2 protein chains.
Amino acid sequence: MNRVITIGREFGSGGREIGVRLANELGIAYYDKEIITGIVNHTEFTENYVKEVVEGDFTKIIPISIGRSLDGDVDFQIQQMQSIVKAQTEVIKEMAMKSDCVIVGRCADYILEEAGEKGDIQLFKLFIHASMESRVKRCMERRTEAEANVTEKDMEKQIKRVDKDRANYYTNYTLRKWGDKSNYDICFNTTNMDLKIMVPHIATLFC
Amino acid sequence: MNRVITIGREFGSGGREIGVRLANELGIAYYDKEIITGIVNHTEFTENYVKEVVEGDFTKIIPISIGRSLDGDVDFQIQQMQSIVKAQTEVIKEMAMKSDCVIVGRCADYILEEAGEKGDIQLFKLFIHASMESRVKRCMERRTEAEANVTEKDMEKQIKRVDKDRANYYTNYTLRKWGDKSNYDICFNTTNMDLKIMVPHIATLFC
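We now turn to the structure provided with this report. Being a predicted model, the structure only gives us computed values, none of them experimental.

### A word on the overall build of chain A
Then comes step 1: Summing up its helical and strand segments, chain A has 10 helices and 5 strands in all.
Then comes step 2: Projected onto its principal axes, the C-alpha coordinates of chain A cover approximately 55 × 50 × 30 Å.
Then comes step 3: Partitioning the contacts of chain A with sequence separation of at least 6, the portion at a separation of at least 24 is 71%.
Then comes step 4: Of note, chain A has its 29 positive side-chain charges centred 4 Å away from the centre of its 33 negative side-chain charges.

### Details of the environment of B:F127
Then comes step 1: Here B:F127 is to be found in strand β4 (residues 121-129).
Then comes step 2: When the C-alpha positions of B:F127 and B:D154 are compared, they lie 25 Å apart, and in sequence the two are 27 residues distant.
Then comes step 3: What B:F127 contacts, discounting residues up to four positions off in sequence, is A:K181, B:G8, B:R9, B:E10, B:W178, B:G179, B:Y184, B:I186, B:C187 and B:F188.

### Some thoughts on the layout of surface pockets
Then comes step 1: One number sums up the size of the largest pocket: a volume of about 990 Å³.
Then comes step 2: Surrounding the largest pocket, 42 residues form its lining, A:K125, A:Y184, A:D185, B:N189 and B:N192 being those nearest its centre.
Then comes step 3: Elements represented by at least two residues in the lining of the largest pocket include exactly α7 (113-117) and β4 (121-129) of chain A together with α10 (195-203) of chain B.
Then comes step 4: Looking at which element gives the most residues to the lining of the largest pocket, the answer is β4(A), with 5 residues.
Then comes step 5: Here the lining of the largest pocket is composed, by residue class, of 15 nonpolar, 13 polar and 14 charged.

### Some points on the sheet that holds strand β2 (residues 29-31) of chain A
Then comes step 1: In space, the 10 strands of this open sheet follow the order β2(A)-β3(A)-β1(A)-β4(A)-β5(A)-β5(B)-β4(B)-β1(B)-β3(B)-β2(B), with mixed pairing throughout. The sheet is open, and its two edges are formed by β2 of chain A together with β2 (29-31) of chain B, each paired on a single side. Adjacent strand axes in the sheet meet at a mean angle of 20° when their direction is disregarded.
Then comes step 2: Of the pairings in the sheet, the one linking strand β1 (residues 2-9) of chain A to strand β3 (residues 101-104) of chain A comprises 4 bridges and is parallel in character. Among the inter-strand pairings, A:V4 is bridged to a residue of β3(A), identified as A:C101.

### A word on the relation of the copies chain B and chain A
Then comes step 1: Least-squares fitting of chain B to chain A yields an RMSD of 0.0 Å, with the superposition described by an axial translation of 0.0 Å and a rotation of 180°. What we have between these two chains is a two-fold relation. Judged by C-alpha distance, B:C187 is the residue of chain B that lies nearest the rotation axis, at 2.5 Å.

### Considerations on the packing of aromatic side chains
Then comes step 1: Counted by the stated rule, this structure contains 12 aromatic pairs over all chains.
Then comes step 2: Their ring planes at 65° and their centres at 4.8 Å tell us that B:F124 and B:F206 sit as a pair that is edge-to-face. Here the residue B:F124 occupies a position in strand β4, and B:F206 occupies one in the segment after α10, the gap between them amounting to 82 residues.
Then comes step 3: Residue B:F124 is classed as buried on the basis of its relative accessible area of 14%.
Then comes step 4: Of the residues examined, B:F206 reaches a relative accessible area of 2% and is grouped as buried.
Then comes step 5: Three or more aromatic residues joined by ring pairs make a cluster, and in this case those are A:Y110, A:Y169 and A:Y173.

### Re helix α2 (residues 33-42) of chain A
Then comes step 1: Among the residues making up α2(A), those that are buried are A:I35, A:I36, A:G38 and A:I39. Buried residues along α2(A) cover an arc of 160° about the axis, so they all sit on one side.

### Focus on the side chain of B:E113
Then comes step 1: Along the chain, B:E113 turns up in helix α7 (residues 113-118).
Then comes step 2: For B:E113, the contacting residues outside a window of four places in its chain are B:L123, B:K125 and B:R176.

### With respect to the interface of chain B and chain A
Then comes step 1: The partner chain A presents 17 residues to the 17 residues of chain B that form the contact.
Then comes step 2: Taken over both partners, the interface formed by chain B and chain A buries close to 1,600 Å², and the fraction arising from carbon and sulfur atoms is 55%.
Then comes step 3: Where chain B packs against chain A, one counts 0 salt bridges.
Then comes step 4: Applying the counting criterion to the chain B and chain A interface returns 12 residue pairs in polar contact (both at pLDDT 80 or more).
Then comes step 5: Its residues assigned to classes, the side of chain B that touches chain A shows 9 nonpolar, 6 polar and 2 charged.

Conventions and cut-offs
Residues numbered from 1 in each chain as written. Chains lettered and ligands numbered in written order. Predicted model: local features only at pLDDT ≥ 70, side-chain atom pairs only at ≥ 80, totals over all residues. Heavy atoms only, no water. Helix = DSSP H or I, 4+ residues; strand = E, 2+ residues; numbered from the N terminus. Contact = heavy atoms within 4.5 Å. Lys, Arg positive; Asp, Glu negative; His and termini not counted. Charge placed at Lys NZ, Arg CZ, Asp CG, Glu CD. 1 Å grid on protein atoms, 1.4 Å probe; cavity = no way out; pocket = protein on both sides within 12 Å on 5 of 7 lines; lining within 4 Å. Points joined across faces, edges and corners; volume = space filled by probe spheres on them. Nonpolar A, V, L, I, M, F, W, Y, C, P; charged D, E, K, R; others polar. Pairing = 2+ DSSP bridges. Axes fitted to C-alpha atoms, helices over the stretch in contact; angles between N-to-C directions. Least-squares fit on C-alpha atoms with pLDDT ≥ 70 in both. Phe/Tyr/Trp six-rings, centres within 6.5 Å; stacked < 30°, edge-to-face > 60°. Buried < 20%, exposed > 50% of the residue type's maximum accessible area, 1.4 Å probe, protein only. Arc of directions from axis to C-beta. Buried area = accessible area lost by both parts, 1.4 Å probe. Salt bridge = Lys/Arg side-chain N within 4 Å of Asp/Glu carboxyl O. Polar contact = N/O pair within 3.5 Å; in protein donor to acceptor, adjacent residues only side chain to side chain.

Laid out in structure tokens, this is it:
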């Protein structure tokens, strides 16, 4: 039975790094951006449009008029959205059934829950979070050259914006609260955590 | 530097069992009821009164009249309460400085935070939770003979009552929200967890 570790994460908390390190430590596949590529291959949409849908907030793309009369454009947009959401679900389920893996984001915890409950896979749902202060620090340390002039205040705004999009996307897709500990098996607070030291220990939880 | 693992826990989630197993696995001290004994030894109060204060809800014992004029009785009660809270703080700090240990409940995470930040101890703050369904199941399986007639509905009520007391006590003492994941290093959801299998793995996080 494949071990599948899903990782939800606050922006700047090191969730992606934990995912990569865990996958390396366990010698298993790691999927993040690959999901976008998978959706693009499953549908007729461009990478940018797919990204806008799965990394952003549904409600920015689709006006909240479902349930009322819909004009052709909105109807078409909803169909497109549904295609992408369906493709995302298929891609993630395929990845989980293919081999042991770590999947970051994209509501994978929710999408794979049934497979976990049925015993088709061994599912571990993680959520990674940290204090705003430590997330700003982490993001500032990792600024690109192009971001050299970004201030701590700008960075905090960006973190809040990305988190808001993630939360909205998660709630729209799952009708659950993003980051609510009851939806995950383990929540790690990385505020005081040295990831290099801790991840090999964390990996033993899944051995 | 002593490793100190504090465990906050929802009633029926197996937090106590995790604490006992972790302490055994790591070969370190385990403190739970011993804190009550410690407070009794540090003060002039009976065990029952101490229990009522540290396991219940402050507001049931002390009318909310702090800041207004106090009559002698209330003033005296507040002094008693403060003695117990002070003794609890001292007992927990003494335990943490004495040797590696696991401390269950009693706001130990909050009490020891400063010592952790100053580097006097290596502090790991855990919170253990589970779905209501699994907690009711766990508690029903562990009923004593005297509780033979307790129904699932009764058990759920009892779980909610104990959790409410714990939440009130924690908030009154710390001004924080009990169970809020940002106050802990790791939150474990035991809903689908086999504690016997998982605790040896969890223990490696602290080695």
